Each structure stands twice: as C-alpha cells, then as structure tokens.
Amino acid sequence: MTENEKQIWKSTIEQILVENESWDKKNKSERYHVIFKKVKMPPKVVLARAFNVIEAEYPELEVKSVSGGVPTNQFIEEIGFKITEDFIYNTTDRSKLIKHLEKRVKKLDLFQGFIKFGHTILTDLNIEVYKVRLAIESQGILSVIVGMRAAYSYIEKDDYAHIGFLVSKKFKDQNKSKYNFVYDYPYKGEPEQNFIKIKVKNWSEVDEELIQEHKTQFQLQYNAIKNSKRTQWNVEANTTNNALKYLMFKNENIEKFMSQSNKEKNIIDLSKNRIYKLSMGTFLKTTAYRKANLLEKFEGHKWAVMGRYTGNNQGENWMNEAVIGDYAYITCGRNKLSHLIRFTSNSKELPKEINDIIGNSEFTYREYEIILKPFIDNTRSLVNDKRDWLPSGYSTFKEIKNIEEANKLLFQPFYQAILLRNNNIENLINVKKEFIDWLLQNPRSNYFNNDVELLNRYLDEYNTYFDMDIFEVSKSNYFNIIKAINEVAYKNEDNDFIKYSKRESTHRPRAILGKDNYYKFLNQKFGETNNNDNGVNRLKEPLNQILYGPPGTGKTFFLQNEYFSKFTISEENLTTEQVHDKIAEDLSWWQTFAIALRDIGESNTKEILAHPIVKAKERLSSAKSIHPILWSRLQAHTVNSCPNVNVKDRSEPQIFFKTKESKWSLEEEAVVNLYPEVDELLNEVKDPSIEFNDSIKNFEFVTFHQSFTYEDFVEGIKPLLETGSTDISYEIKDGVFKQLAYKAEQDPDNDYAIFIDEINRGNVASIFGELITLLEGDKRIGEVNEIKVRLPYSKKMFGVPSNLYVIGTMNTADRSVEALDSALRRRFSFKEVMPNYKVISTVLGDKNEWNDTQISVILEKINKRIKRLIDRDHQIGHSYFLKLSKIENINITESLKAVFSENIIPLLQEYFFNDFNKIGLVLGDGFLKTDDEMENERKENLFAVFSKGDSSNYEDEVFEIIDPKTMEDEEFINAINKLIN
C-alpha cells in the first residue's frame, strides 16, 4: 500500500468515526473497538463502511477484501488507528473456566495469589489488554501468552502448584540449584529467555528475587512484540479464554466469581412468590412520553411503573396484591421485550417532575432487581396470541398461573429460563449418562470408538457452549432444549460453537447433538417425534404442494378462491410499516432517498438511512448493506453544478446537492421541474390513511411455460437503461421467487406463498436449480438442517424462509405426476383434484335438471367412457359446466351447446388424435355424421392404380363431428339422449 493510498484510507476512516452513525445490533463487537476522539466503533463496521466509501468515491483504487476478526484489526492498526479490547467474556468462556477451576484447582488461596501477582505485572507494566492472550491449554495449564511465548502459567499436580515464569538464561543458570526447576524450556530468538516452572504449596514460597526477574523479562518480551502482528498470534484458538483475562486484569475474587455461576442456570423457584406480566408499552407508544425518554429513565432507575387506577382490578392488584419478592416480565409491545425482574419495594409515588410530564399523579412505581435479560428482545412471533398474560394480550398487569405453558411459550424460548414451583423442581433430570448409553445402543458412527469416558468428557465440553445446561431436562422443557441447540448449532454460522464444531472432525459435535442423535433421544424419551416441518406453518398446510388433476377440475379456481385470501392482509389490519412497504415496492432507490430528504431537509447519510420509507425499501432489498446504494444513487443524481461530488457520469433526474460537510439536500427548482410527485408520495408516507385503500398480497402468481427460466424465477442478468441515459448496462436482477423469499424472511409474522400454475409445463429442474434442496421443510431458514447456497450470478448466500409456501397446479392430461422430475416429486405433497359431479349439482341448483336429464350425469357418462378408452387422468373437469349457473333458464340449451362445441369436443379430438371411432364411442351417433364428400370419393375409387399396393385400409367410412352450435335444439337434445342412453 502506497503512502497516498494509506492517507486515503486514514481520512476515510476518520470521517466515518467522526460521523459515528449507529450500526445494526448484529454487528456489535464482543470485545474490540477502534478508538478515535472518544468515539468507539467495532472494527468490522469501520472497515465495511470505509470499503463502501472508497469504492464509490475512489474507483481508481484497487480494493482488496480483508477477512474479519484479527486481519481486520491488523489492517486498521496498520493505517494508524488504535484498537482497544473491552473486559467482556461470553458464557462459553465463563462456563469453561468455572468447570476447570472446580475440577483442576483445589488451592484457591494459592491460585488467588497467582491472579493477584499477574494483575500487578499487567498494571505496573501498562500492558494493553489487546496485546496479550490468556488461555486454558489442552493439558489444563492456565497461561498468559505474550506474542508467541507462554510468559506466566499455573497448573496443579500432586498437591503442588506448578507456576511458570519468564527468566533470562543467565538467571536460570545461576539459580538452578536454588529453585529446583521442575520445567525448563529455552526460547529461541530475541530476547534470549527461558520459561521455567517451580512447584509450591503456598504463594509465600515464591521469593522476591524471582518475582523481580520475571517482571523484567515480561517487560522485555512485551516490548519486543507490542507493535507487531504477533500480539494476535493464535488469539482465535479454542484455548483462548477471556473470562480468565477478565479475572487477571480486574484482580477478581475467585470464590465470588465461582459462586455467581450457580445463578446462571436460569431456574427460578416460584414456590413462595407470584409472577406477573407488566406492560409498560404506553411509555413507548405515547409521543410525549417517548420524547421525554421516560422509558429509558425508568429503566435507568430500575423502576417498574403502572397506573394505580387501571381497570379490571389490575391497578388494585398492582398496589395491594403484588409483594416484595414477586416476579414480573416487562413488555412494551411486540417489538420490545424487556427484563425478567423481581420487585424489591412496595408501590411508591413518582417524583413531581415525572408526574408533570405524564400530566397526572395516577402512576406509581416499584423498584426492582434484574433477574434475566431477554435472549430474544421482541415477541413478534407471538403477535397473534392474544391471551391476557402474553405480550400481545389486552392487559397491563396479569398474574401468570399456567407455569408449564408459560415456560413453553415465553420463558424458555425468550429468556432461556425455567420457572418452577416446589412440586415440580425435581422433574429436571440429568440425562447425559442415559444419552451415552443410547449412543452405544444406537451406533451411527461409533463416536470416539464408543469410549464412554471420552464421550462423557466431550459432552461436558459441548455443554459449555450453551447458556443453559442442555442435559438438565424435563418433559416440559425438552423441546426448548432442542430449540436452544438449534439456535446455537444451526442458525448462527459465526458463533464459538460452530467454529469449534467445524474443527472437531468436521462438525462431529453438531452431529452428536443434532437431529439424528440427541434430538431423537429427547423425542423418544419425553415426547413424540416432532413432525412439524415448519416452525411457522400456521395454516396447517404442506409447505410445498401441487394440486393435480384433469383439465377443467377447478385447480386454478381453487387457488384463487381458497388460498389467495389466506395470504392477503386486509387494509384495516395493515400496520404503518406494511403500508410503507407497499409504497416502497414501486419506488426506485433515488425516489426513496428524495422522499426522505423532502421530509427531513438537509441531512447526513445516517439521518437519511433512519427515515421510515428508506427502512421500508431496505426491508424489501436483498442487499447486505444499503450504505453503498445510498452513496452511489445520491451521487449519480446530484446536480452537475455541485462541486463536492467527483462522479463524472450522472443520471437523470439530477436533484440532489452535497455540502462540504457531507450533508445532502434537494435542489428545489430541480424537484419542482423533474420530480413534483415527491410531495404527494411524502403525504402518503406520513399519513397512510390518505387515499390508501388497499390490501397487501403476500403472494405471487406465475404460470410456467417452455420459455420460463431460472433467470425469471431466481435471478439473472438483465439489461438496464437508466432514465435520461442512452447507455445500456446490465444488472443482476432478482427473479419473482427470490424477491418473495426476501419479503417473507423480513416478515416472519406473516405467511407468504408463490402460486405456480401449470408447473409441469416448465422445465422444473432447470427453473428451480439449487432451490430444489432448499424447499424441504427442515432445510428452510431457521430449521434444524438449515441450508443456504451461494447463487451463481450474485454470489450471495440464499435460503428459503419457513413461512414461504410453494403451491402449484398441474394438468394430468398434459403430463402425469410420475413423469415429473423425481427430485421435485419427493419434495412436494400432491393433492388430487378430480371431476366432482356434486359441485355441478350444487352450483347449478335447479338448472342441473335440463330436459329430464341431469347435466352432472352427462359429464359422468363421458368420463366413464374416457377412463375405459384412455385413463382417469384424461377425464374432463366439472368447471366447464359451472358457467351455466349465470345463464337464464331460457338460454341453458344454447349455453350447453357452446360448452360441447368449445370445450368438450376439442378435448376429445386432442385426446384421441381425431380417431372418430373412439370419439363416437364417447359421444354417440348424435354428434357424428358421415363425411359425404369423402364417402363419394371412396365410392369413386379415389386412389391411383397400384397393383402391388392395398387401399382397403383406407376405404372405411369417414366421419366428421357435428358442431353442436349448428344443431337445432331438438337435434341437440336427441344427441344428448343418445349419449347418456
């Protein structure tokens, strides 16, 4: 990297840090941050934004990707920025350390001395947290690692502690007899040092001379590596333990640290207390309260707040029934689930300044302590369950009495907690030993050669990666154990367990804990096998289904009348977000940004991205980040007179302006002339009730045909002609299925469907491509065996969400089910739709009785003959006759003639390839006659003399079909009578 390139990177990163735009929670860093002028930002956020800006503003720069984690940190350090590490550790590190201390450390006082001296070294020498690694080595050694050298260590053996120190070679040689080293390893390279170990029973046995030598050598090693990439050597190894780092840097009390672990089992005893739902949503929904940040203030004080006069005795129960020690979970609506708390005070009066904001003194508060923070911070998946004790129920303060159901629906999935009364605490049993026996009796891969000791040890290791003990199980919580494993082992590909599992014989840990082993064991022991392919599946319909049958049986009609409404949200049920999504569907990106700027005026990119219409457009987008889209579209549509944008090729309309301070606005004159409709669209966004009278259709309807391709269905390269430009470019455009899949993934609370008419007429294997595998229920996003694939054009990872139904129709007269692609057949359920003569009777009513004949019987006679002559797949459907229901009785005969002329006879001609003998066997004499012209030609000996030939096969009588429309009514009635008799 040249100095000029480094300076561009540095100025870009500085600008990003100064702007300090908020970032998605999923990008929150566990430990590392870039520090600049009191601003802290995760390195991966900094680098991603810098890449976007440089690609947009400096296209001449060759930008190479940098992988995440350590390489990102090192790249940013190389540019000249400081990386810091916070004292944060995850549950996995804590569990590993505590289990190690419980099993391997018996001399807690001695180990506390080891921690205290380590803390002294780190603080006295000003060692940066980021520059050292602490680890639990495979042999059970607790080590401080500086660069690539172990510099300080602890392990207990045979009633002694073996403690490792850094010393010089000279010191080691001079003091060999004095200290009786039990270990000596000479390091190569500079500084010249030895790592020695001594064995002691008390910390007082470590003398001052050794301590001072160790501090000197520790400083030398740290100075040698602190500005090199060796500071991050092996930092992502499985042995790294940040809980141990926290202990030493904070000089934490060991016994206190270990005692807190018992609280993390998340088992709450309700034998002496009640638990309530407490809704504080009014402080989030009421504009005045929201502007005053009341909710944040209450959370800061740890106050639970509620009105004393709330109806249905809720206020009375709040004031007088609930007591100190009772529990509650706090909800603020479906989008915000707060803490599980325990009251520590009775009801108290709010301060006057709070009452002044509220406008009355009806609210009181209770102090509380936080018991658990939610594992999932919203309850959108429960939005349709209105029971009063659930977040979306119509209540404010409600006691929860059905604990078992509450555990299943709320506390286990959202808090990873189990609430128990005295009489069911003992129901939790440890099933690890029983699971090991099950593995031995049901061998799939002979894990660890069926070594019981190894299985036991590794299952303990796997257990440390979960926030709950996955082997402590009861009948009421076993399915939530499965969900907890599923969340860690399958949904998040970037967590510690996945990294560990991948290293261990290519996901052996996940295989042991997954559906073929531990899931199956739990289901067999505690309940029935879970056959639900889909966690959402609220419609109780197969996820993938094909309606098949002969032509005219009403398959498409069935879709329109039975299924469309199930995937449609009526206007009165639309949320503001859904209305915004509906508006954003028809907007281009530049139009979206223009509406946002029209509303908020001159703004930076952070403010534009936060606007509701931009958020709506983002929800509909498959882009990982819309930040580069924002930059490119704003610059592409900037007025030519703007001196602060370097992009040469501009697109019409040019309506944006950028200031020197990197703030964006609309050029008023340009907007009036080029985009006047922006004001009307803004009004719809700000007040969705204006002229908005519609519903949202969460489905797409397509018809497969021979020209329909993968590019139409999933994604493909399509030509693009920008407005006002004469140059044709090309873009990767999402197909109808991919677009709908992204919508469904962003809206898990609602069901979506793609309806495919005539699915068998397309080249199914080619159209679906790799999606064939992804359609399976357990391969969907969020399911047990979730699979995502990299798409060929966009190179993006793609999966099919669990709330997206694929429903097709197929005409068996064109192609039988057996002829379909076998991979497709395996993944779809099939629902046969055959001719239904009762439907004709029901729909036609009195009109079914026609000239002493039932119309339904006419069709039934025809189909019986077709089944005998061909097969049942070529029958004729009832829907052709249903149109008669709309005809006046006086015109029924003419309409029935039309049905035969336009539908029945053409199908028979197609089925029998104009074999008039078979057609006659179906319809009877009344619908066929001899072709007079052909008969005369036969009698006149039409053929030439050919002595070696034989014309007898071609001299049979030749028939033609009589068009029913040309028949007199009496003639037609007689023909029908012949047909049925």
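Note that residues are indexed from 1 along each chain, following the sequence as it is written. Reporting of local features is limited, given that this is a predicted model, to residues whose pLDDT is at least 70; pairs of side-chain atoms are given and counted only at 80 or more, and all residues count toward the totals for whole chains, interfaces and linings. Side-chain descriptors were evaluated using all non-hydrogen atoms of the structure, hydrogens and water having been removed beforehand.

In the annotation of an unreviewed UniProt entry, the protein is listed under the name Dynein-related subfamily AAA family protein and assigned to Winogradskyella pacifica.

Student: Break down the overall build of the protein for me, with residues and values.
Tutor: Each helix corresponds to a stretch of at least 4 residues labelled H or I by DSSP, and each strand to a stretch of at least 2 residues labelled E; elements are numbered beginning at the N terminus. When you go through the protein residue by residue, the secondary structure sums to 42 helices and 37 strands. Burial status across the protein gives 50% buried among its 981 residues. Partitioning the intrachain contacts of the protein with sequence separation of at least 6 by distance along the chain shows that 70% fall at a separation of at least 24. Throughout, the Shrake-Rupley method with a 1.4 Å probe supplies accessible areas, and for residues the shown protein chains are the sole cover considered. With an accessible surface of roughly 48,500 Å², the protein has 45% of that area assigned to carbon and sulfur atoms. Type-normalised accessible area, obtained with a 1.4 Å probe on protein chains alone, sets the label of each residue: buried when under 20%, exposed when over 50%, and partly exposed for intermediate values. Here, two residues are considered to be in contact whenever any of their heavy atoms come within 4.5 Å of each other.

Student: Break down the confidence of the model for the protein for me, citing the residues and quoting the values.
Tutor: Across the protein, the average pLDDT comes to 83, with 87% of residues at 70 or higher. The low-confidence segment residues 528–538 (pLDDT under 50) makes 26 contacts with residues lying over four places distant or belonging to another chain. Looking at any residue, its pLDDT shows the predictor's confidence there, from 0 to 100.

Student: I'd like to hear about the sheet that holds strand β26 (residues 699–703), residue by residue, with values.
Tutor: Across the sheet, five strands lie side by side as β26-β29-β32-β21-β33; this open sheet has parallel pairing. Whereas interior strands pair on both sides, the edge strands pair on one side only; in this sheet they are β26 and β33 (829–832). Each strand of the sheet is rotated relative to its neighbour by a mean of 20°, with strand direction disregarded. Strands qualify as paired when DSSP identifies two bridges or more between them. Bridge analysis of strand β21 (residues 544–549) against strand β32 (residues 804–811) gives six bridges, and the strand direction is parallel. Within β32, the position partnered with Tyr-548 by the bridge is Met-810. Across the sheet, helix α32 (residues 736–746) touches β26, β29 (752–757) and β32, and the angle it forms with β29 is around 160°. Throughout, an axis means a line fitted to C-alpha atoms (over the contacting stretch in the case of helices), and angles, computed between N-to-C directions, take values from 0 to 180 degrees.

Student: A description of the packing of aromatic side chains should follow, citing residues and the corresponding values.
Tutor: Here a pair means two rings of Phe, Tyr or Trp (six-membered ring of Trp) with centres within 6.5 Å. Their orientation is stacked below 30 degrees between planes, edge-to-face above 60, and tilted elsewhere. All chains considered together, the criterion is met by 54 aromatic pairs. For the pair Phe-117 and Trp-203, a centre-to-centre distance of 5.7 Å together with 45° between the ring planes defines the contact as tilted. Highlighted residues: Phe-117 in helix α5 (residues 108–124) and Trp-203 in the loop between β9 (193–200) and α8 (208–225), separated in sequence by 86 residues. Seen from their ring centres, Phe-927 and Phe-972 are 6.2 Å apart, and the 90° between their planes marks the pair as edge-to-face. Placement of the pair is Phe-927 in the loop between α40 (916–923) and β36 (928–930) and Phe-972 in helix α42 (residues 969–980), with a sequence separation of 45 residues.

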